[in-house]
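Below are the chains, spelled out letter by letter.
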Amino acid sequence: MGDPAAGQEVCELAPSGAEAALLRDPDSTGPRADCVLCGEPTELPADHPGSTLCPVCAWQQAQRIACSG
């Protein structure tokens with residue numbers, strides 16, 4: 001029969017909230033949102049919905065989530 005995965009395309013997952021905070025949107029301009037934990041500027045625009053994290057806090061938050069059982 002062959003490999004069942006042969007011919008199937010592999011889709012990349014969209015980044016989670018913490019991963020998304022690490023990605024810069026090159027199309028966005030204007031003021032940046034402040035991190036809700038430390039107050040440092042983030043890579044996200046100020047009008048971005050939800051809680052925004054700077055890359056450092058996003059990484060630390062991801063580590064906390066990964067280590068919690």
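You'll find the structure just up there.
Each chain carries its own residue numbering, running from 1 in the direction its sequence is written. Note on the predicted model: pLDDT of at least 70 is required for a residue's local features to be given, and 80 or more for side-chain atom pairs to be given and counted; whole-chain, interface and lining totals, by contrast, use all residues. Just so you know, side-chain values use all the structure's heavy atoms and leave hydrogens and water out.

A. Molecular detail of the side chain of Thr 42. Only DSSP runs of H or I reaching four residues or more are called helices, and only runs of E reaching two or more are called strands; each is numbered from the N terminus. With respect to the helices and strands, Thr 42 occurs in strand β2 (residues 41-45). Relative accessibility thresholds used throughout: buried, under 20% of the residue-type maximum; exposed, over 50%; partly exposed, between the two (1.4 Å probe, protein chains only). With a relative accessible area of 4%, Thr 42 lands in the buried category. At 3.2 Å, the side chain of Thr 42 forms a polar contact with the backbone nitrogen of Leu 44. Residue contacts follow a heavy-atom distance rule, with two residues in contact if any of their heavy atoms lie within 4.5 Å. Beyond its immediate sequence surroundings of up to four residues, Thr 42 is in contact with Arg 32, Ala 33, Asp 34, Cys 35, Thr 52, Leu 53 and Cys 54. Polar contacts here mean pairs of N or O atoms no more than 3.5 Å apart (in protein, one a potential hydrogen donor and the other a potential acceptor; neighbouring residues in sequence count only if both atoms are side-chain atoms).

B. Here's a closer look at the environment of Ala 33. Residue placement: Ala 33 occurs in strand β1 (residues 32-34). Measuring from C-alpha to C-alpha, the distance between Ala 33 and Leu 53 comes to 8.6 Å, with 20 residues separating the pair along the chain. Residue contacts for Ala 33: discarding those within four places in its chain leaves Glu 40, Pro 41, Thr 42, Leu 44, Pro 45, Ala 46 and Thr 52.

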